[in-house]
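Architecture at a glance
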Amino acid sequence: MKKFITILTLGALLNSSLNVSAQDFDKPTISVSHTKGAKYRIEGLNTQDSSKRTTFQTYYWQNYLGIGVLGSIKYPGLELNYSKAHKSFIQGKKGKEKFKIRRWEFFTRYYYHRNFHHNIMLTAGKSWQRKLKKERFFISQADIGLSRTFYDRPTFRNNNGRVERMWLAGDFYFNFNYRFGFGKHFHHKQKTYRLYSYFGLLNFFPYNNLYYSRVYLGLNLNKFIHK
Amino acid sequence: MKRIIYLIFIVLFFSCEKEPIPLSAHTDDIFFVKSGVNTLPIRVKGNSGSKVFVIYIHGGPGDPGIWEHNTTQSKRYIQPHYAAVYFDQPYAGFAQGNNIAQATVETFTDAVNNVVQTIKYRYGDDISIFILGHSWGGFVSSAYLSSNDFQQDVKGWINISGAHNYMLGDSLVGDKIKEVGQRQIDLDLNKSDWQAMIEWINTNPPDGTSKRSNNINSCGFDGMTLMSDSVNEGFKMNVGKIIMGQYEPWALTAFITNLITTNTLNLNQLALDNEMSSQLPKIKTPVLNIYGKYDFIVPVGLGEDVMKHIGSSWKKLVIMNKSDHNPQLSEAEITHDEIQTFIETFK
């Protein structure tokens, strides 16, 4: 009897802690939509609901802070981001389920291209994540925002015959980006982290009547936080 | 607090002051010049202590002039004696800028003027400036020198394979293909190739469109490669260096964007619509014309046209007997001897 009460208490505690982390997101009301032939989509999942179907980690319902490095072969950059969980769902046929997570993302990025410019970007977007085996995942991210370049060498202009130096010279651009990559969750001292690497394109518009596109690679470390 | 205010004041005062750039035998100075909606990268390399600055006006249009002209030959023959100034024209190479705009002849003449004024501002009013235009750069140079009073800032114009009149150039290419081609056919050299080219030229005369002009240009390239007694020396691009970013500055995707923009802006049409032969009499600056005998892209006839129309009292045409479009690379020593003599005379 004592054992039974202890299990119940632990279950309740676990339940409440899970609900606390999930309460700010979609309220977990399950809706199952079937199409004839067995394809289905289950939305509004929380830990309890999904536990029967697949391993469902609590951190999918948590926000995270991230830091990363990025670069284009030899031109380095940095990235900070904040990610807010949006929704998760299972999609597919029985035995071939895909567990998917959607998040809102907020990025601050910077890179330095020697003798070209410094570039600071502020963007927001969405990430599409799919759970793979052994805590691995595939991630695809798209975001839009603004960027401001700063020429990294002295810049001059001819103002009606009088040459003058321009300070903090550079340009504003509309910035739209896409990237995809693979990563893994890991745990350290009861905290959850994840690491993922990616490949993508940074795009700036308008750039000399067209747009400027930059291929980049990066590595991100994220720490999950409770709200 | 007072101290901090004084410190801020001193910093602001000195930051507004004109920066003195030390003149030296080994200058390597990279900076930007804002010209209209474009920001152009400039690189000054070599002996600025000579107080002679040779500004390269690159070809293309759309070439990355800032590294393209920083050749082994330029390093060997120009930089030890003078300061070479390499830059990218608007919408070319690594020029940057947030804009959607049209390009006019003034876009390019103003750009050259802004570069000239900035070089004078940075290195002193007592320096001597020479303009070295190559290919499309010949069009830009002639437009620049014949506009406003810009030529007053320049001691001399070195016109290497300059294309100041695209329409004339296209008909000269046709004439050259036909004339040389017939001789080659008579000598039984690459007979079928020459016959095909002559046939194409006969049925596709210049019509003032950039499409036809580009095709005639391609035909000229084909003819040039068939001439075994010319030295085909082009600008070298090292893929490894590009990937590792060893060209300074280098932004590969910006270069690709600018190449596409050059085509969409149809800058060749701009040159076709604005011949500079009629403007040449305005130019009084001494001019040294250097053309390659085997140049089928910008034939020697264009150099003769400069000689005929230019208003300069000192003018010279040198024909390089083993060169095609790039005599400064293929017959570097003789070409640079001519350039050096010219600069020493007029600096």
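One can find the structure itself at the top, above this paragraph.
Let us look at the structure shown here. (Residues numbered from 1 in each chain as written. Chains lettered and ligands numbered in written order. Predicted model: local features only at pLDDT ≥ 70, side-chain atom pairs only at ≥ 80, totals over all residues. Heavy atoms only, no water.)

Residue and element names in this part refer to chain A. Most of strand β3 (residues 63-72) is tucked away, with seven of its 10 residues classed as buried. Strand direction decides the pairing type here: β3 and strand β12 (residues 210-225), joined by nine bridges, are antiparallel. Bridging from a neighbouring strand, G71 pairs with L217 of β12. (Buried < 20%, exposed > 50% of the residue type's maximum accessible area, 1.4 Å probe, protein only. Helix = DSSP H or I, 4+ residues; strand = E, 2+ residues; numbered from the N terminus. Pairing = 2+ DSSP bridges.)

What follows is about the side chain of B:N258. One can find B:N258 in helix α10 (residues 252-265). According to the relative accessible area criterion, B:N258 is buried, its value standing at 0%. At a separation of 2.8 Å, a polar atom in the side chain of B:N258 contacts the main-chain carbonyl oxygen of B:G93. Polar side-chain contacts of B:N258 include one of 3.1 Å to the backbone oxygen of B:A95. When residues no more than four places from it in sequence are discounted, the contact partners of B:N258 are A:Y207, A:N208, B:Y91, B:A92, B:G93, B:F94 and B:A95. (Polar contact = N/O pair within 3.5 Å; in protein donor to acceptor, adjacent residues only side chain to side chain. Contact = heavy atoms within 4.5 Å.)

Bringing the pairing of strand β4 (residues 83-87) of chain B into the picture now. Residue and element names in this part refer to chain B. Within β4, five of the five residues are buried, which leaves it mostly tucked inside the rest of the structure. Alignment of strand β2 (residues 38-46) against β4, held across five bridges, turns out to be antiparallel. Within β4, the residue paired with K45 across the bridge is A84. Pairing analysis gives three bridges linking strand β3 (residues 52-57) to β4, with the strands arranged parallel. Along β4, the bridge assignment pairs I55 with V85.

For the rest of this paragraph, the subject is the packing of aromatic side chains. All names here are of chain A. Evaluated as defined, the whole model comprises 31 aromatic pairs over all chains. Between the aromatic rings of F176 and Y211, the centroid separation amounts to 6.1 Å while the plane-to-plane angle is 50 degrees, which identifies the pairing as tilted. Of this pair, F176 sits in strand β10 (residues 172-188) while Y211 sits in strand β12; the two residues are 35 residues apart in sequence, bridging distant segments of the chain. Classification of Y211 as partly exposed rests on a relative accessible area of 38%. An angle of 50 degrees between the planes, with centres 6.0 Å apart, marks the rings of Y196 and Y198 as tilted. Take Y196 and Y198: they sit in the same class, and that class is buried. (Phe/Tyr/Trp six-rings, centres within 6.5 Å; stacked < 30°, edge-to-face > 60°.)

With that out of the way, let us pick up the interface of chain B and chain A. Residue-level contacts link 38 residues of chain B with 33 residues of chain A. Here chain B packs against chain A, burying approximately 3200 Å² in sum over the two surfaces, 52% of which is carbon and sulfur. Across the chain B-chain A interface, the total number found is one salt bridge. Between B:K34 and A:D171 there is a salt bridge, with the nearest N and O atoms lying 3.6 Å from each other. On the surface where chain B and chain A come into contact, there are 20 residue pairs in polar contact (both at pLDDT 80 or more). At the level of elements, β1 (27-35), β2, α4 (105-123) and α10 of chain B are the ones that each hand at least two residues to the side of chain B that touches chain A. It is α10(B) that provides the largest number of residues to the side of chain B that touches chain A, a total of seven residues. Looking at side-chain class alone, the side of chain B that touches chain A contains 18 nonpolar, 16 polar and four charged residues. Sheet topology places strand β8 (residues 155-159) of chain A next to β1(B); three bridges connect them, and they run parallel. The residue bridging A:T155 from the neighbouring strand is B:F32, located in β1(B). (Buried area = accessible area lost by both parts, 1.4 Å probe. Salt bridge = Lys/Arg side-chain N within 4 Å of Asp/Glu carboxyl O. Nonpolar A, V, L, I, M, F, W, Y, C, P; charged D, E, K, R; others polar.)

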